[in-house]
Amino acid sequence: MRIAEFALERFFAQWEFAARHLLCASDIQGWPMADLLALADAETAALWQDLRLGYSEAPGHPLLRAEIATLYDTIDPDDVLVFAGAEEAIFCLSNVMLGPGDHAVVTWPGYQSLYEVGRAAGADVTLHELHESDGWALDPERLIASLRPGTRLVVVNAPHNPTGMLPSHAEWARLTGELAERGVHLLSDEVYRYLEFDEADRLGTGADAFPRGISLGVMSKSFALAGLRIGWLATRDRELLARCAGFKDYTTICSSVPSEILALIALRARDAVLARSRGIVAANLPLLDAFFDAHADRWCWVRPRGGSIGFPRLLDPEPAADFVARLVHAEGVLLLPGTVIGHDGNHVRIGFGREDLPVSLAGLERFMETG
Ligand SMILES: Cc1ncc(COP(=O)(O)O)c(C=O)c1O
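In this report, the structure presented in the accompanying data block is examined. Note that the structure is predicted; figures quoted are calculated from it, not measured. Each chain has its residues counted from 1, running along the sequence as written. Thresholds applied to this predicted model are a pLDDT of at least 70 for local features of residues and 80 or more for the giving and counting of side-chain atom pairs; totals over whole chains, interfaces and linings are not thresholded and use all residues. Heavy atoms from the whole structure form the basis of all side-chain values; hydrogens and water molecules are not counted.

Describing empty space enclosed by the protein
Cavity means a closed set of points on a 1 Å grid over the protein atoms alone, one where a 1.4 Å probe fits but cannot get out, pocket means an open set with protein on both sides within 12 Å along at least 5 of 7 lines, and lining means a residue has an atom within 4 Å of a point. Grid points are joined across faces, edges and corners, and a volume is the space filled by probe spheres set on the points. For the structure on display, the rule yields four cavities of 30 Å³ or more. Considering only enclosed or pocket space, the largest cavity measures out at about 90 Å³ in volume. For the largest cavity, the full set of lining residues is L71, Y72, E190, V191, R193, Y194, T205, G217, V218, S222, F223 and W232. Gly is put with the polar residues, along with every residue not named as nonpolar or charged; the nonpolar set is Ala, Val, Leu, Ile, Met, Phe, Trp, Tyr, Cys and Pro, and the charged set is Asp, Glu, Lys and Arg. Classifying every residue of the lining of the largest cavity by side-chain character gives seven nonpolar, three polar and two charged. Surrounding the second largest cavity, V156, N157, A158, P159, L166, W172, S188, E190, R193, E196, L203 and G204 form its lining.

A few points about the side chain of D102
Strands here mean DSSP runs of E at least two residues long; helices mean DSSP runs of H or I at least four residues long; both are numbered from the N terminus. Examined against the element boundaries, D102 turns out to sit in the loop between α5 (85-97) and β3 (103-108). Working definition: with a 1.4 Å probe on protein chains only, accessible area under 20% of the residue-type maximum means buried, over 50% means exposed, and in between means partly exposed. What makes D102 buried here is its relative accessible area of 15%. Any pair of N or O atoms that falls within 3.5 Å is considered a polar contact. Within protein, one atom must be able to donate a hydrogen and the other to accept it, and sequence-neighbouring residues count only if both atoms are side-chain atoms. Only 3.4 Å separates the side chain of D102 from the side chain of R152, close enough to count as a polar contact. Whether two residues are in contact is decided by their heavy atoms: any pair within 4.5 Å suffices. For D102, the residues in contact, after removing those within four places along its chain, are M97, A123, D124, G150 and R152.

Digging into the nonpolar core
Counting 120 residues, the largest nonpolar core has M219 and L233 as its most contacted members. Among the elements that make up this core, the one with the highest residue count is helix α12 (residues 270-294) (eight residues). For this analysis, a nonpolar core means a set of buried residues of the types Ala, Val, Leu, Ile, Met, Phe, Trp, Tyr and Cys, connected via side-chain atoms within 4.5 Å.

Things to note about the pairing of strand β8 (residues 231-235)
Within β8, five of the five residues are buried, which leaves it mostly tucked inside the rest of the structure. Judged by which residues are buried, β8 turns out to be covered on both faces: G231, L233 and T235 on one side and W232 and A234 on the other are all buried. One bridge is not enough; two strands pair if DSSP finds at least two bridges between them. Note that strand β2 (residues 80-83) and β8 share four bridges and pair antiparallel. Within the sheet, the bridge partner assigned to V80 lies in β8 and is A234. Where strand β7 (residues 213-218) meets β8, five bridges bridge the pair, whose relative direction is antiparallel. Bridging from a neighbouring strand, S215 pairs with A234 of β8.

Quick look at the packing of aromatic side chains
The aromatic pairing rule takes the rings of Phe, Tyr and Trp, using the six-membered ring of Trp, and pairs them if the centres are within 6.5 Å, calling planes under 30 degrees apart stacked, those over 60 edge-to-face and the rest tilted. Tallying each qualifying case throughout the model produces eleven aromatic pairs. Aromatic pair F197 and F352: ring centres 6.3 Å apart, planes at 55°, arrangement tilted. With F197 in the loop between β6 (185-189) and α9 (206-209) and F352 in the loop between β14 (348-351) and α14 (357-370), this residue pair connects regions lying 155 residues apart in the sequence. According to the relative accessible area criterion, F197 is partly exposed, its value standing at 29%. When the centroid spacing of 6.0 Å and the interplanar angle of 75° are considered together, the rings of F292 and W299 count as edge-to-face.

Some remarks on the site of the ligand
Any residue with a non-hydrogen atom lying within 4 Å of a molecule or strand is treated as near it. In the vicinity of the ligand there are 14 residues, among which A86, N161, D189, S220 and K221 approach most closely. D189 has a polar side-chain atom sitting 2.6 Å from a nitrogen atom of the ligand. R229 is positioned such that a nitrogen or oxygen atom in its side chain is 3.0 Å from an oxygen atom of the ligand. With four residues, the single largest contributor to the shell around the ligand is α5.

Put into structure tokens, the structure is as follows:
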């Protein structure tokens, strides 16, 4: 398989551990191990204590799959397949579902593998472009109009990386209803689910919406445990899930045993885990609002509706990539130029899931005054 370079990952390979402050991270600040273990109940504490480091069950630890299933209304443990992160799930699903002659529609700009793996598998991929002038809103009618007889898969990520887009309940019902009627599968990338700024905006899951709906979840974002590398697919389409399981035999076979137990601990304690994530976002958002308010002459800011990332546009004549390079050298603060995700509108990705955001923002502020 020949696949285009994952530009975002190449950018992070250079900068993620070299910059002092990540102001463009897509995740929530990771949990310290000791704090997570303190959340264990008697059963999971014993599982951790007695852990044997052999292979685990290929579909995922039965208790973990059972716990993941409780995140949905219509999903049984056997409707869940555990992967090494959301990334592996995207890779397996795209390869299983898409090939030459197939068509897919994917929200864009976005996480590159959501469209790149399908392309590399030989499918024709239409990007459903979101526009800043529409507040980055998903347009269900335009998306539906782009479907073809050969459309096998629609991929929607919401809350969205990098814009924080979140469809309304009516828009979501329109899209999922139409896909159900046409028999088209939906991959609903819900890695930022539970981080809606207004809980009333939380959408029903893709897996619950209709039998060909597939939910993509992960411990990395809302659950603030990216280091576990635990993700999953949930769908009532067991035949599809079985094909994904068959493909996974050629990637990781099974997940990391310690990570599965740590994920189980976190999911059982999800009220506390999510409260911490929401607390970090809630503390940071007003600082961003104040910053963009004070600098409306230099930045255009469409406030996200959920998640922990936004996509503001630099109004300066300087290319955002140059601004980002000068900023990281001057202040050790890293933003991500939109060009790295293939978008040339002079935007940057800004992340607000890290506890050092006040320090990062002060560095950015200082740089804008002096630089
Ligand atoms: C929208 C989206 N989907 C999937 C992923 C992959 O998640 P992970 O790296 O935890 O596998 C990411 C990571 O940034 C993402 O932003």
